[in-house]
Amino acid sequence: MKKLLIAFANNLGIEYVGIAPAGPYDDLKEILEKRMVRGLKCEFEEDEIKKRIDPSLTLENAKSVIVCLFPYYTGKIEMANLSMYTYGLDYHKIIMEKLEQIGNFLTSRITDFRYKAFVDSGPLVDRYLAYKAGLGFYGINSHLINEKYGSYVFIGYMINNYPFEPDLAIEKTCIQCKKCIQACPGTAINGDFTINPFRCRSYISQKKGDLSQEEEEILRKDKLLFGCDICQDVCPHNERIDKTNLDEFQKNLIPFIDCDELLMISNKEFLRRYKNRAFSWRGKNILIRNDKIIKK
Ligand code: B12
Ligand code: SF4
Ligand code: SF4
């Protein structure tokens, strides 16, 4: 059955698919508890640690987790003022569609097959699952790095009730050159494979409300209006990587947004034009605010 799953996923263009065990994940519990004590948990994450380490609290009788990588590297675009992960159509939608196709396929093959699919906004910890499923290794910048596509990969997963044989984690880390630590505009990279989200420019660029002077200074250190790519740009593991093989992330790219144009249009019009883009989820005023701060 695992062979059939892999063949079906490959047919959808998903080259990297692996299986993580169904937990509970005691080693992750320790990481999350330490992080909580250090005040590093942010509001974009699931609150309850027990839900993050135990798939069976999300799907009763969970037996394994299918994990897939979705590369999105398109090559550097110099005039870009958006982060690379938002160039293409919203990855949440594209990935969910592919995971649902896998779900339908397995439902047709396995009696009483049940699953729940997630990308980004699910209860579990996506990078941890990809690591456990043998799809990559950790960087000091906290990214999950894949041998072929580097860290420019999204992660999607399906908690399910079929006991697929788990894969083995790759027992290595990045080469620890520390270039990401030196280049990070927010000095957010702690050096122990964790980051401080509140100093991360990506977090600040998505944070609503007024920014402190320090946050504004961090934002001003780069030109991107949304997100931050610096710790990936400088990473040697991203030097000779392949561009995405997925059609959906190769076409319809919007690497640049003109804030003068945004000032002229209503929120409704903004959503009409850009609601299928990951950079639009916090609204247009965040982008306009960031533009003003960066140009100050
Ligand atoms: C909250 C969140 C953020 C927050 C905080 C990020 C953070 N590092 O905590 C903010 C807004 C800052 C953010 C930014 C970005 N994010 Co984000 N984010 C998330 C989200 C929703 C939750 C992250 C989380 O749970 N963190 C908790 C910590 C404990 O887990 P972790 O981040 O995976 O950290 C791991 C390492 O620290 C490692 N670790 C810890 N201690 C140790 C010790 C040792 C020895 C070792 C080896 C490892 C190790 O284990 C942890 C568990 O996996 C995930 C999706 C999800 N639900 O998981 C996406 C996710 C992590 N983000 C993603 C992306 C693409 C980004 C950005 C690149 C976007 C951008 N260009 O601006 C940046 C990158 C910033 C960075 N350097 O991490 C991708 C990452 C894909 C990848 N290849 O790694 C994810 C997985 C979404 C997805 N499904 O594809 N993000
Ligand atoms: S995304 Fe930017 S601000 Fe965040 S850790 Fe990486 S380099 Fe630092
Ligand atoms: S830049 Fe160097 S230290 Fe940072 S993640 Fe890449 S290899 Fe590791």
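Regarding the overall build of the protein chain
Right, on to step 1. Each helix and strand in the protein chain was counted, giving 12 helices and 6 strands.
Right, on to step 2. Whereas a compact globule of 296 residues would reach a radius of gyration of roughly 19 Å, the protein chain reaches 19 Å, a difference of no more than 12%.
Right, on to step 3. Of all 296 residues assigned to the protein chain, the portion counted as buried reaches 39%.
Right, on to step 4. Restricting the contact set of the protein chain to residue pairs at least 6 apart, pairs at least 24 apart contribute 78%.

Concerning the nonpolar core
Across soluble globular proteins, you tend to see nonpolar side chains buried next to one another.
Right, on to step 1. In this structure, Val 65, Ile 66, Val 67, Tyr 72, Leu 129 and Tyr 157 are the most contacted members of the largest nonpolar core, which totals 80 residues.
Right, on to step 2. Every residue in contact with Val 65, bar those within four places of it in the chain, is listed here: Ile 19, Ala 20, Ala 22, Pro 55, Leu 129, Tyr 157, Met 158 and Ile 159.

Brief notes about the site of ligand 1
Right, on to step 1. Close to ligand 1 lie 37 residues, the nearest being Arg 127, Tyr 128, Phe 193, Ser 202 and Gly 227.
Right, on to step 2. Going through the elements one at a time, helix 2 (26-37), helix 5 (126-132), strand 6 (153-160) and helix 7 (201-206) are the ones with two or more residues in the shell around ligand 1.

Notes on the site of ligand 2
Right, on to step 1. Lining the immediate environment of ligand 2, one finds 13 residues, of which Cys 184, Cys 200, Arg 201, Cys 228 and Cys 231 sit closest.
Right, on to step 2. Of the residues assigned to the shell around ligand 2, the class counts are 9 nonpolar, 3 polar and 1 charged.

Overview of the pairing of strand 1 (residues 17-21)
Right, on to step 1. Counting buried positions along strand 1 gives 4 out of 5 residues, so the element sits mostly inside the fold.
Right, on to step 2. Looking at chain direction, strand 1 and strand 2 (residues 64-71) are connected through 5 bridges and run antiparallel. Note on strand 2: the bridge partner recorded for Ala 20 is Val 65.

Re the packing of helix 1 (residues 2-11) against helix 4 (residues 91-109)
Right, on to step 1. In the contact formed by helix 1 and helix 4, the axes pass within 10 Å of each other and the chain directions differ by 145°. Judged by the twist between their axes, the crossing of helix 1 over helix 4 is right-handed. Seen from helix 1, the contacting residues are Leu 4, Leu 5, Phe 8 and Ala 9; seen from helix 4, they are Ile 102, Phe 105, Leu 106 and Arg 109.
Right, on to step 2. When grouped by side-chain class, the residues that make up the contact of helix 1 with helix 4 number 7 nonpolar, no polar and 1 charged.

Rules used in this analysis
Residues numbered from 1 in each chain as written. Chains lettered and ligands numbered in written order. Predicted model: local features only at pLDDT ≥ 70, side-chain atom pairs only at ≥ 80, totals over all residues. Helix = DSSP H or I, 4+ residues; strand = E, 2+ residues; numbered from the N terminus. Rg over C-alpha atoms; globule rule 2.2 N^0.38 Å. Buried ≥ 20, exposed ≤ 12 C-beta atoms within 10 Å, placed from the backbone. Contact = placed C-beta atoms within 7 Å. Core = buried A, V, L, I, M, F, W, Y, C linked by C-beta atoms within 7 Å. Near = placed C-beta within 6 Å. Nonpolar A, V, L, I, M, F, W, Y, C, P; charged D, E, K, R; others polar. Pairing = 2+ DSSP bridges. Axes fitted to C-alpha atoms, helices over the stretch in contact; angles between N-to-C directions. Left-handed = near helix turned anticlockwise from the far one by under 90°.

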